[in-house]
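Each chain is listed here by its residues.
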Amino acid sequence: MFKTDDRLVQICLGICYFIAAMYAMINFFNPDYLIDRYGTLDATDTNRFFLGWYGMMNFGFVAGLIYMGYKGLDRAFFTYAVPLAILFLIWGVSGQMAADESDQNYTAVGFFVIQLIAIIVARARAFGMNFDFTKADNMWGTSDKLCQTILWLGLATQAFFVVGYFINPSQLITDTPGLELNEVSQRFATGVMYFSIAWTIALLYQLRTGYSMSLIVTGLITSIMFFAVFLNFAAAGLTSAGGEMNTLLVSAIIGNFVGSLILFFRLQGNH
Amino acid sequence: MIKLEDRPSVIILSIITFIAIFYAFMFLGDNTASAFMERTGGSTPNEGTMFFMGTVGFIYIGIAIGNVMAMMAPASQSMVFFRAMALVSFIAALRAIGNTIIADEILTYAPLIATILVYVGYAVVMSRCKARIGTHFGWL
């Protein structure tokens, strides 16, 4: 498993898999379970929307781990996973500290701590503490111009979202019909921005050292889920309210889906 | 990574996989499941119906994962899967046609068309991967 005989690495990544898969399933398939257990979460469509979003991101993470399980450890995956684990630990702690004492629930924070320790131990045991930034032969590690363009667009989109968040933190919520702006939803939007920071770091790393198939699989699974959910919402008439819809978000979902498919099918032959 | 030798079969299986994911999520969400039932001529689902629709949704996810597994293996290792899925999708298509005939009011024929296309897709994949037993419908 993971093409390594180091049991500690296998166990640590197994723990990461368990935590990510558990939260993926709860967030996506049964968000009310979390809503019941967190005093700060009301049973609103806004909270379910963001919990579903986090669930889909976790499913992508799980897919990347499974891919590494079969194909071997990948440095680039850790450049995504480690910042993400750190950022979500900060997110979890700050969220609970902002809540009333009676509403505080540190269960998720506990799992975030375990996740962070496990991912850092796995990274350190697998690759040591050296940070390799060896430049690839080509930009993004491929001579395929279409793939290079898509990866550039991906980097620009993620960076654009991060910058956009700092200009107007509530834009995602106010531009999306059906979402309510409040303290909790704003915190969820901050978490979404943290995902973008982790992706930006991972894409910058790939720009220099070459693309990573485990991250392409991670992005593919995430984008397929987002696109399928978007089509479901569209079929049920839930994507727009009063003729308005978040066209930027819809464009990003469609672009992500098409781009990920092209990347996967054009690059998978080498792996 | 993709080991299935026939490219059209990979494309067909990819499309079927996406359709399966789409329907899985539709059946798993309460709002989308209600919308599906109402637009295909069914009554508004109650909690029990929602529960069983969710179960069907999980089966669809299983089918999607099965398709991905089939794409990542040579055709020779997926023969029984293709045969089984062609039969399952054939039964599903017959049921969809029957349900459409008896429905009082239908707002969309998209699920019916999708179900039939999935059957045709699996039949084509089965033939192209030489998983068909006998020569019936060999022209597919």
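Residues numbered from 1 in each chain as written. Chains lettered and ligands numbered in written order. Predicted model: local features only at pLDDT ≥ 70, side-chain atom pairs only at ≥ 80, totals over all residues. Heavy atoms only, no water.

K.L.:
Is there a simple way to think about the overall build of chain A in this case?
P.N.:
When its secondary structure is counted, chain A shows 10 helices and 0 strands. Mapped from its N terminus to its C terminus, chain A presents α and β elements in the order α-α-α-α-α-α-α-α-α-α. Over its C-alpha trace chain A gives a radius of gyration of 19 Å, about what one expects of a compact globule, namely 18 Å for 271 residues. Its C-alpha atoms put chain A at 50 × 40 × 30 Å along the principal axes. Classification of the 271 residues of chain A by burial places 55% in the buried group. Counting only contacts in chain A whose residues sit at least 6 apart along the sequence, the fraction spanning at least 24 positions is 77%. (Helix = DSSP H or I, 4+ residues; strand = E, 2+ residues; numbered from the N terminus. Rg over C-alpha atoms; globule rule 2.2 N^0.38 Å. Buried < 20%, exposed > 50% of the residue type's maximum accessible area, 1.4 Å probe, protein only. Contact = heavy atoms within 4.5 Å.)

K.L.:
So what exactly am I meant to see when it comes to the confidence of the model for chain B here?
P.N.:
One rule of thumb: low pLDDT means the predicted coordinates there are not for detailed reading. Residues and elements named next belong to chain B. Summarising the model, chain B shows a mean pLDDT of 89, and 95% of its residues fall at 70 or more. By mean pLDDT, helix H2 (residues 30–39) is the weakest element of chain B at 85, and helix H1 (residues 7–28) is the strongest at 94. Per the prediction output, this complex has pTM 0.89; the corresponding ipTM is 0.81. (pLDDT = per-residue confidence, 0-100.)

K.L.:
How do you make sense of empty space enclosed by the protein when you look at a structure like this?
P.N.:
Where empty space is left can be seen by rolling a probe of water-molecule size over the atoms. All names here are of chain A. By the definition in use, this model includes 1 cavity of 30 Å³ or more. Together, 31 residues line the largest cavity, and Tyr54, Phe88, Trp91, Ala108 and Phe112 are the ones closest to its centre. Where the lining of the largest cavity is concerned, the elements lending two or more residues are helix H1 (7–29), helix H3 (45–71), helix H4 (75–98), helix H5 (107–127) and helix H8 (183–209). Looking at the lining of the largest cavity element by element, the count peaks at 8 residues for H4. The residue inventory of the lining of the largest cavity, partitioned by class, reads 22 nonpolar, 8 polar and 1 charged. (1 Å grid on protein atoms, 1.4 Å probe; cavity = no way out; pocket = protein on both sides within 12 Å on 5 of 7 lines; lining within 4 Å. Points joined across faces, edges and corners; volume = space filled by probe spheres on them. Nonpolar A, V, L, I, M, F, W, Y, C, P; charged D, E, K, R; others polar.)

K.L.:
I would appreciate a short explanation of the side chain of Asp6 of chain B in the present structure.
P.N.:
Residue and element names in this part refer to chain B. In this fold, Asp6 is placed in the segment before H1. Of the residues examined, Asp6 reaches a relative accessible area of 16% and is grouped as buried. Side-chain polar atoms of Asp6 contact the side chain of Ser9, separated by 2.5 Å. Polar contacts involving the side chain of Asp6 include one to the side chain of Arg128, which spans 2.6 Å. (Polar contact = N/O pair within 3.5 Å; in protein donor to acceptor, adjacent residues only side chain to side chain.)

K.L.:
Is there a simple way to think about H5 of chain A in this case?
P.N.:
Working note: α-helix, 3.6 residues per turn, so residues spaced by three or four point in the same direction. Residue and element names in this part refer to chain A. Here H5 contains 21 residues, and its C-alpha end-to-end distance of 30 Å stays within 8% of the 30 Å for a straight helix at 1.5 Å per residue. For H5, every residue scored as buried is listed here: Ala108, Val109, Phe112, Gln115, Leu116, Ala118, Ile119, Ala122, Arg123 and Phe127. The inward-facing, buried residues of H5 contact H1, H3 and H4. Immediately downstream of H5, the backbone of Gly128 shows phi near 75 degrees, a positive value. (Expected span 1.5 Å × (residues − 1).)

K.L.:
So what exactly am I meant to see when it comes to the packing of H1 of chain B against H2 of chain B here?
P.N.:
Angle between the axes and distance between the axes are the two parameters that describe a pair of packed helices. All names here are of chain B. Following both chains from N to C, one finds H1 and H2 inclined at 100 degrees, their axes separated by 5 Å at the closest point. Judged on the interaxial angle alone, H2 and H1 are roughly perpendicular. Across from Tyr23, Phe25, Met26, Phe27 and Leu28 in H1, the residues of H2 making contact are Asp30, Thr32, Ala33 and Phe36. Looking at the contact of H1 with H2, its residues break down into 7 nonpolar, 1 polar and 1 charged. (Axes fitted to C-alpha atoms, helices over the stretch in contact; angles between N-to-C directions. Parallel < 35°, antiparallel > 145°, perpendicular 65-115°, else oblique.)

K.L.:
What is the right way to read the interface of chain B and chain A from this model?
P.N.:
Frequently, the measure chosen for interface size is the accessible area removed from exposure when the parts meet. At the junction of the two partners, chain B supplies 16 residues and chain A supplies 23 residues. Roughly 1,600 Å² of surface becomes buried between chain B and chain A when both sides are summed, with 76% attributable to carbon and sulfur atoms. Here chain B and chain A share 0 salt bridges between them. Where chain B touches chain A, the interface holds 6 residue pairs in polar contact (both at pLDDT 80 or more). Among the secondary structure elements, those contributing two or more residues to the side of chain B that touches chain A are H1, H2 and helix H3 (47–71) of chain B. No other element matches H1 of chain B, which puts 8 residues into the side of chain B that touches chain A. Each residue belonging to the side of chain B that touches chain A can be placed in one class, and the counts come to 12 nonpolar, 3 polar and 1 charged. (Buried area = accessible area lost by both parts, 1.4 Å probe. Salt bridge = Lys/Arg side-chain N within 4 Å of Asp/Glu carboxyl O.)

K.L.:
So what exactly am I meant to see when it comes to the layout of surface pockets here?
P.N.:
Size it by volume and the largest pocket reaches roughly 1,700 Å³. Surrounding the largest pocket, 46 residues form its lining, Leu220 and Ile221 of chain A together with Ala64, Val68 and Met72 of chain B being those nearest its centre. Among the elements that line the lining of the largest pocket, the one with the most residues is H1 of chain B, at 10 residues. Class assignment for the residues of the lining of the largest pocket results in 37 nonpolar, 3 polar and 6 charged. In this model, the second largest pocket occupies a volume close to 1,400 Å³. Forming the boundary of the second largest pocket are 43 residues, of which Arg48 and Phe233 of chain A together with Gly29, Asp30 and Asn31 of chain B lie nearest the centre.

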